[in-house]
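What the coordinates show
Chain by chain, the residues run as shown.
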Amino acid sequence: MNIRKHIPNTITCLHLTAGCISIVMAFEGLFLWALIWIIIAGVLDFCDGLAARLLHAYSDIGKDMDSLADVVSFGAAPGMILFCLLREAAVDLPWESIREYIPYTAFVVPAFSCLRLAKFNNDTRQSTSFIGLPVPAHALLWASAAYAILPVVHHYIIYWIPAVICLFTLTSLLLVSEIPMFSFKIKSLAWKGNELRYMLVACALLFVLFFGFLGITGTIILYILLSIFNSKRS
């Protein structure tokens, strides 16, 4: 048996496991750890693709496994984080007839993430860049934002809950949009051609240094804005 060809799929299974742990952390109310496990899932998602390329261990099963793991780690996990956040906050809402249903709006995120992944697997235009917001970026956006929102869950609740629902619905639509988004698949380390990538990395380091995990939210927002700017300039 050739063990080498199973290494990428093993990493993908670990990626899926990290997403499952993130969901458990969300239900326990440990939003920081839910975010950390999504970050771990993101690292493993990068590593399984890298391992497949280095070991020449591509397979159709590996491709399908990667998408299924992504649905859990970057679709279901951030959806559950938002669900648990809204469930905790909704108890203080005055709208008794509808407040128990409000947390279920969070399932917009896994639904559109699944649709995004299905489109990605069947879209030949996305070999070197993305069309629409990638699901790992979307998951990190909302996992980090939820952790940042947590300290103010019970303040100005009537105002921020509708805003959050509108925002994650809007960003979920970005998942399946036709907006070109640049990727980190690079051919060289030269500055020319990689200006946006280096700019984003530098800003990400500064954001995280000064704002902690909230800096991840700012980084993803900047990524979206830079991609839109770049698409209009092209």
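Below is a short write-up of the structure. Keep in mind the model is a prediction, meaning the values are calculated, not measured.

**A word on the overall build of the chain**
- Counting its regular elements, the chain contains eight helices and two strands.
- Of the regular secondary structure in the chain, the N- to C-terminal order runs α-α-α-α-β-α-α-β-α-α.
- The C-alpha radius of gyration computed for the chain amounts to 18 Å, which stays within 12% of the reference 17 Å derived for 234 residues, consistent with globular compactness.
- Taken along its principal axes, the extent of the C-alpha atoms in the chain is 60 × 45 × 35 Å.
- The proportion of buried residues among the 234 residues of the chain is 43%.
- For the chain, contacts bridging at least 24 residues in sequence account for 76% of all contacts bridging at least 6.
- If you sum the accessible surface of the chain, you get close to 12700 Å²; carbon and sulfur atoms cover 72% of it.
- Of the side chains in the chain, 15 bear a positive and 14 a negative charge, and the two mean positions are spaced by 13 Å.

**Section: the pattern of salt bridges**
- Applying the stated criterion across every chain yields a total of one salt bridge.
- Among the salt bridges present, the one from Glu178 reaches Lys119, with a minimum N-O distance of 3.9 Å. Placement of the pair is Glu178 in the loop between helix H6 (157-175) and strand E2 (180-181) and Lys119 in helix H4 (residues 108-121), with a sequence separation of 59 residues.
- Residue Glu178 is classed as partly exposed on the basis of its relative accessible area of 48%.
- Accessibility expressed as a relative area gives 33% for Lys119, which makes it partly exposed.

**Digging into the packing of aromatic side chains**
- Applying the stated criterion to the full structure yields seven aromatic pairs.
- Aromatic pair Phe83 and Phe107: ring centres 5.3 Å apart, planes at 10 degrees, arrangement stacked. Of the two residues, Phe83 is situated in helix H3 (residues 60-90) and Phe107 in the loop between H3 and H4; the sequence distance between them amounts to 24 residues.
- Here Phe107 falls in the partly exposed class, since its relative accessible area comes to 31%.
- Consider the rings of Phe182 and Tyr223, whose centres lie 5.0 Å apart with planes at 75 degrees: the pair is edge-to-face. Within this pair, whereas Phe182 is found in the loop between E2 and helix H7 (195-211), its partner Tyr223 is found in helix H8 (residues 214-233), the two being separated by 41 residues in sequence. One exposure class covers both Phe182 and Tyr223, and it is buried.
- Members of the aromatic cluster, joined through ring pairs, are Phe83, Tyr104 and Phe107.

**Here's the deal with the layout of surface pockets**
- Looking at the largest pocket, its volume works out to about 1900 Å³.
- Lining the largest pocket are 50 residues, with Asp45, Phe46, Phe130, Pro136 and Lys185 positioned closest to its centre.
- When its residues are assigned to classes, the lining of the largest pocket shows 28 nonpolar, 13 polar and nine charged.

**Quick notes on H4**
- When the terminal C-alpha atoms of H4 are compared, their 20 Å separation across 14 residues agrees well with the 20 Å that a helix rising 1.5 Å per residue should span.
- Buried within H4 we find Val109, Pro110, Ser113, Arg116 and Leu117. Projected down its long axis, H4 shows its buried positions confined to an angular sector of 120 degrees, all on one face.

**Some details on the environment of Leu86**
- Residue placement: Leu86 occurs in helix H3.
- A residue is classified by how much of its surface remains accessible, and Leu86, at 0% relative accessible area, is buried.
- Separated by ten residues in the primary sequence, Leu86 and Ala76 have C-alpha atoms spaced 15 Å apart.
- Not counting chain neighbours up to four residues away, the residues in contact with Leu86 comprise Ile102, Pro103, Thr105, Ala106, Ile161, Ile165 and Phe168.

**Comments concerning helix H5 (residues 135-149)**
- Between its terminal C-alpha atoms H5 stretches 21 Å, which fits the 21 Å expected from 15 residues at 1.5 Å a residue.
- Along H5, the positions that sit buried rather than exposed are Val135, Ala137, His138, Ala139, Leu141, Trp142, Ala143, Ser144, Ala145, Ala146 and Ile149.

The rules behind each value
Residues numbered from 1 in each chain as written. Predicted model: local features only at pLDDT ≥ 70, side-chain atom pairs only at ≥ 80, totals over all residues. Heavy atoms only, no water. Helix = DSSP H or I, 4+ residues; strand = E, 2+ residues; numbered from the N terminus. Rg over C-alpha atoms; globule rule 2.2 N^0.38 Å. Buried < 20%, exposed > 50% of the residue type's maximum accessible area, 1.4 Å probe, protein only. Contact = heavy atoms within 4.5 Å. Areas by Shrake-Rupley, 256 points an atom, 1.4 Å probe, with all protein chains shown as cover. Lys, Arg positive; Asp, Glu negative; His and termini not counted. Charge placed at Lys NZ, Arg CZ, Asp CG, Glu CD. Salt bridge = Lys/Arg side-chain N within 4 Å of Asp/Glu carboxyl O. Phe/Tyr/Trp six-rings, centres within 6.5 Å; stacked < 30°, edge-to-face > 60°. 1 Å grid on protein atoms, 1.4 Å probe; cavity = no way out; pocket = protein on both sides within 12 Å on 5 of 7 lines; lining within 4 Å. Points joined across faces, edges and corners; volume = space filled by probe spheres on them. Nonpolar A, V, L, I, M, F, W, Y, C, P; charged D, E, K, R; others polar. Expected span 1.5 Å × (residues − 1). Arc of directions from axis to C-beta.

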